[in-house]
Amino acid sequence: MKKVIIIGANLGGLTSAVLLGRAGWDVTVFDRLSRDAIGTDWVENIDLAVFDRLELDPPPADCYRKKKNWAFLSPDEKTVAVAYGPEESREVLVDRKKLTEYLLSLAAINGTFHFETEVTELLVESGQVAGVRAGGERYPADLTIDCTGPLSDLRQQLPKFYGISPAPDPAGMLAVRRGFYEWGDGAPMPKQTNKLYLRQGGETGLAWCISDVRDYYADVLVARIGNVTEEDVEKTVEALRPGNPIIGEEQTGEPVAALLPLRQAVTKMVVPGYVILGNTPYMTIPVMTPPLSDTMDAARILAEVLAVNDGCRTDDLYVFQVRFCREYIAKEVAADVFRAWLFSTDIEDQNFLFESELIDGDFLSDLMAGNIPSITSKGRGFFGMGVKKPSVVNELRAILTEMQEAYDLVRDIPDTYNKTTFGRWQAELESLDR
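None of the values given here were measured: they were computed from a predicted structure.

Glancing now at the overall build of the protein. Scanning the protein from terminus to terminus reveals 11 helices and 20 strands. Taking 22 Å as the expected radius of gyration for a compact globule of 434 residues, we find that the protein reaches 22 Å, a close match to that expectation. With respect to the principal axes defined by its C-alpha atoms, the protein has extents near 65 × 50 × 40 Å. Here the protein holds 434 residues, and the buried ones make up 56% of them. Within the protein, contacts between residues at least 6 apart in sequence are counted, and of these 72% link residues at least 24 apart. When the 45 basic and 66 acidic side-chain charges of the protein are each reduced to a single mean position, those positions are 3 Å apart.

A large share of strand β1 (residues 3-7) lies buried, amounting to four of its five residues. In this structure, β1 lies alongside strand β2 (residues 26-30), joined through five bridges in parallel fashion. Paired with Ile-7 across the strands is Phe-30, a residue of β2. Following the backbone out of β1, through helix α1 (residues 11-22) and into the adjacent parallel β2, one traces a crossover that is right-handed. Sheet analysis places β1 next to strand β12 (residues 143-146), joined by four bridges and oriented parallel. Note that in β12 the partner of Ile-7 across the bridge is Asp-146.

Attention now moves to the confidence of the model for the protein. Across the protein, pLDDT averages 88, with 92% of residues at or above 70. Across residues 280-286 the pLDDT falls below 50, and counting only partners more than four positions away or on other chains, this stretch makes 33 contacts in the model.

Using the criterion set out here, one finds 18 salt bridges in the structure. A salt bridge links Arg-339 to Asp-336; its shortest N-O distance comes to 2.6 Å. Here Arg-339 pairs with Asp-336, and both are found in helix α6 (residues 314-344), just three residues apart, close to one helical turn. The burial state of Arg-339 is the same as that of Asp-336; both residues are buried. Connected through salt bridges with shared partners, the residues Asp-47, Arg-53, Asp-297, Arg-300, Glu-304, Arg-323 and Glu-327 form a single ionic network.

Attention shifts here to the packing of α6 against helix α10 (residues 390-411). A pair of packed helices is captured by two measures, namely the crossing angle of their axes and the spacing between those axes. Packing of α6 against α10 leaves a shortest axis separation of 8 Å and a crossing angle of 155°. Accordingly, the angle class assigned to the pair α6 and α10 is roughly antiparallel. For the pair α6 and α10, the sense of crossing is right-handed. Within the contact between the two elements, α6 uses Cys-325, Arg-326, Ile-329, Ala-330, Lys-331, Val-333, Ala-334, Ala-335, Val-337, Phe-338 and Trp-341 and α10 uses Glu-395, Ile-399, Glu-402, Met-403, Ala-406, Tyr-407, Val-410 and Arg-411.

Moving on to the sheet that holds strand β3 (residues 43-47). Strand order in the open sheet made by the three strands is β3-β7-β4, with antiparallel pairing throughout. This sheet does not close on itself; its edge strands, each paired only once, are β3 and β4 (64-66). Ignoring strand direction, the axes of neighbouring strands in this sheet form an average angle of 40°. Pairing geometry for β4 and strand β7 (residues 91-95), over three bridges, is antiparallel. If you follow Lys-66 over to β7, its bridge partner there is Val-92. Running over the sheet, helix α3 (residues 96-107) touches β3 and β7 and is turned about 80° from β7.

To continue, consider the sheet that holds strand β11 (residues 137-140). Strand order in the open sheet made by the three strands is β9-β10-β11, with antiparallel pairing throughout. For this open sheet the edge positions go to β9 (119-125) and β11, each flanked by a neighbour on one side alone. Recorded for the sheet is a direction-independent mean angle of 30° between the axes of neighbouring strands. With four bridges joining them, strand β10 (residues 128-134) and β11 adopt antiparallel strand pairing.

Attention now moves to α6. For α6, spanning 31 residues, the distance from its first C-alpha to its last is only 38 Å, which falls clearly below the expected 45 Å at 1.5 Å a residue. Of all the bends in α6, the greatest, near 50°, is centred on Ile-329. With respect to burial, α6 is a largely interior element, 24 of its 31 residues being buried.

A positive phi angle is found at Ser-126, which is not glycine, with a value near 55°. Topologically, Ser-126 is positioned in the loop between β9 and β10. Positive phi outside glycine occurs at Glu-357, with the angle close to 70°.

What follows concerns the environment of Pro-414. By the element assignment, Pro-414 lies in the loop between α10 and α11 (419-430). Taking C-alpha positions, Pro-414 is 58 Å from Asp-185, a pair spaced 229 residues apart along the chain. Leaving out residues up to four positions away in the same chain, Pro-414 has contacts with Tyr-318, Val-322, Arg-326, Thr-421, Phe-422 and Trp-425.

A word on the pairing of strand β5 (residues 70-73). The side chains of a regular strand alternate, first on one face of the sheet and then on the other. Judged by which residues are buried, β5 turns out to be covered on both faces: Trp-70 and Phe-72 on one side and Ala-71 and Leu-73 on the other are all buried. Pairing geometry for β5 and strand β6 (residues 80-83), over four bridges, is antiparallel. Within β6, the residue paired with Trp-70 across the bridge is Ala-83. Two successive antiparallel strands, β5 and β6, enclose a turn made up of six residues, where Glu-77 displays a positive phi of approximately 65°. With three bridges joining them, β5 and strand β14 (residues 194-198) adopt parallel strand pairing.

Basis of the calculations
Residue positions are given per chain, counted from 1 along the sequence in the order it is written. Totals for whole chains, interfaces and linings use all residues, but because this is a predicted model, local features are given only for residues with pLDDT of at least 70 and pairs of side-chain atoms are given and counted only at 80 or more. Only hydrogens and water are set aside when side-chain values are computed; all heavy atoms of the structure are taken into account. What counts as a helix is a DSSP run of H or I of at least four residues, what counts as a strand is a run of E of at least two, and both are numbered from the N terminus. Each radius of gyration reported is based on C-alpha atoms, and the globular scaling rule is 2.2 Å times the count of residues to the power 0.38. Under the scheme applied here, a residue whose accessible area is under 20% of the maximum for its type counts as buried, over 50% as exposed, and between as partly exposed, the area being computed with a 1.4 Å probe on protein chains only. The contact rule is simple, with two residues in contact once any of their heavy atoms fall within 4.5 Å. Working convention for charge: Lys and Arg count positive, Asp and Glu count negative, and His plus the chain ends are omitted. Lysine's charge is taken at NZ, arginine's at CZ, aspartate's at CG and glutamate's at CD. Any two strands between which DSSP finds at least two bridges are classified as paired. Look down the strands so they point away from you; if going from the first strand over the helix to the second traces a clockwise path, that crossover is right-handed. Each residue carries a pLDDT score, the predictor's own confidence in it, on a scale running from 0 to 100. Every case where a carboxyl oxygen of Asp or Glu lies within 4 Å of a side-chain nitrogen of Lys or Arg is listed as a salt bridge. Angular values range over 0 to 180 degrees, each being the angle between N-to-C directions of two axes fitted as lines to C-alpha atoms, with helices fitted over their stretch in contact. For classification, angles of less than 35 degrees are called roughly parallel, those exceeding 145 degrees roughly antiparallel, those between 65 and 115 degrees roughly perpendicular, and all remaining angles oblique. It is the rotation of the near helix from the far one that decides the hand of a crossing: anticlockwise by less than a right angle makes it left-handed, clockwise makes it right-handed. A helix is expected to span 1.5 Å multiplied by its residue count minus one. The reported bend at a residue is simply the angle between two axes, fitted to the 7 residues ending at it and to the 7 residues beginning with it.

In structure tokens form, the structure reads like this:
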């Protein structure tokens, strides 16, 4: 029986444990947190159709609720564009803690768990990752799946010749603080329950205010490049309150802090005996957040590849990277181009693009669905107000062209692994100016 070690009991790790355990692998999962601390206590997007693809029953109905549309506010907050999800979509808002519990119950059927046990070392023997050291003990494995995220120290231990990308610079990441506030006294239910403020307050960052219509609290997120301080949070909350009276004075529950990469962090996901799993290294800012199911689909694709050939050489595992890049990462790298523009372009130009409806609900809906928008059919924007600032229109056109080029580049990943041809593709991808 082949042995697999999974580092991290997050959604990608747990889904891998379920699928590989079901397929007959000897599964061991390590996580540095306690059993009760696994999973974050908030709601996020998920595509329920992923459970059909995984051939699993969906989680209990009390785990999720209907997804709401997003209202995007221009930097000056004078223009609102509402992004609607496609009618055929099965995306919902899922309670991440409850989803984690559900997957834990399934993974425990065939898997062994070590909580409060940190993996400190990848064991490399004869040019292959041969297991891990955790809690001072050696654990051999045929395959190690790393679900520890973009700032993982583990992958930096790998020999340089493997070509794994370095960890992203924390100073260039999006620092996020997310707090939950009691419902303001007497505040009515707002017309738009999910509001996202682009470049809020003129800052290189953003904010959101989400009305939790089930438990009646306000979910407030403040994000800044590099660092977000308590002063940033207090200032932003006060600025949001007049337009969001649902934000009460008292916080409920513990605030959450995180660092999210703005750009692609990993261009090589596999080495002998080792896989970096999921879209965690490609985590996005809260503008076009991919559903949690993307990470679960990464586990599905890996399990499908291993079902055909359970070899753990680079050539064998590389099939997983090709499929995942083409099916999921290409759209994320394309979105990186837009994200970089969002934080770097002139704020007045952004206000104009919203006011002219060159960026409208349809445009943003395309972005959130992983599609590259078009502005050629925008009547009022392109043929009306757009002529007032042709340079701004041309800049947006250029961004959309760059997005398409980035998408095409990722999908052009070589079909089979050859160090030279892959190296050229990897270098070109890492040189993208996003």
